[in-house]
Amino acid sequence: MEILGRVFLAVAFFLLGAILGSYLITYWSRYRTGRKILDTKHCFCFGCGKELKLRDMYPIFSYLVYRGKCRYCSYPIGRGTLLCEVVGGLLLLPVILFTV
Ligand SMILES: [Zn+2]
């Protein structure tokens, strides 16, 4: 496989892992704080309760752009969220690097 294809797949798998990591930390946070794990709201801020839009939920990117805070109320988002997204991405990288 050509190098560009491998890079594209590596980025895609990293992003997929980051998304999975984001979901895991979200569900863990809901469980840890006694909230319903499968809430009817898609994803919401723990500070103001506002439902987040898609642009607020890009793994890693949204955390960095909003500097680890809610865009609406500045409620702090723990560094564990960023860490879980990055680790999720890194965990899926070997799948593509060593199998294709
Ligand atoms: Zn908020």
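In this report, the structure presented in the accompanying data block is examined. (Residues numbered from 1 in each chain as written. Predicted model: local features only at pLDDT ≥ 70, side-chain atom pairs only at ≥ 80, totals over all residues.)

What follows concerns helix α1 (residues 3–32). Spanning 30 residues, α1 covers 43 Å between terminal C-alpha atoms, matching the ideal 44 Å at 1.5 Å per step. Listed as buried for α1 are Phe14, Gly17, Ala18, Gly21, Ser22 and Ile25. Where α1 is buried, its residues touch α3 (79–97). Positioned one or two residues after α1, Gly34 has a phi angle of 80°, which is positive. (Helix = DSSP H or I, 4+ residues; strand = E, 2+ residues; numbered from the N terminus. Expected span 1.5 Å × (residues − 1). Buried ≥ 20, exposed ≤ 12 C-beta atoms within 10 Å, placed from the backbone. Contact = placed C-beta atoms within 7 Å.)

In this section: α3. Here α3 contains 19 residues, and its C-alpha end-to-end distance of 27 Å stays within 8% of the 27 Å for a straight helix at 1.5 Å per residue. Packing partners of the buried residues in α3 comprise α1 and α2 (61–65).

Helix packing geometry: the angle between the two helix axes and the distance between the axes. Closest axis-to-axis distance for the α1/α3 pair is 6 Å, and the angle between their directions is 140°. Between α1 and α3, the crossing angle belongs to the class labelled oblique. Regarding α1 and α3, the two cross each other, and that crossing is right-handed. Of the residues in the contact of α1 with α3, the class split is 20 nonpolar, seven polar and one charged. (Axes fitted to C-alpha atoms, helices over the stretch in contact; angles between N-to-C directions. Parallel < 35°, antiparallel > 145°, perpendicular 65-115°, else oblique. Left-handed = near helix turned anticlockwise from the far one by under 90°. Nonpolar A, V, L, I, M, F, W, Y, C, P; charged D, E, K, R; others polar.)

A few words on the environment of Tyr75. Mapped onto the elements, Tyr75 comes out in the loop between α2 and α3. Each C-alpha atom, one on Tyr75 and one on Gly47, is 5.4 Å from the other, the two residues being 28 residues apart in sequence. Non-local contacts of Tyr75, meaning those with residues more than four positions away in its chain, are made with Cys45, Phe46, Gly47, Cys48, Lys69 and Cys70.

Residue position: Leu54 is located in the loop between α1 and α2. C-alpha of Leu54 to C-alpha of Cys43: the two residues are eleven residues apart in sequence and 9.3 Å apart in space.

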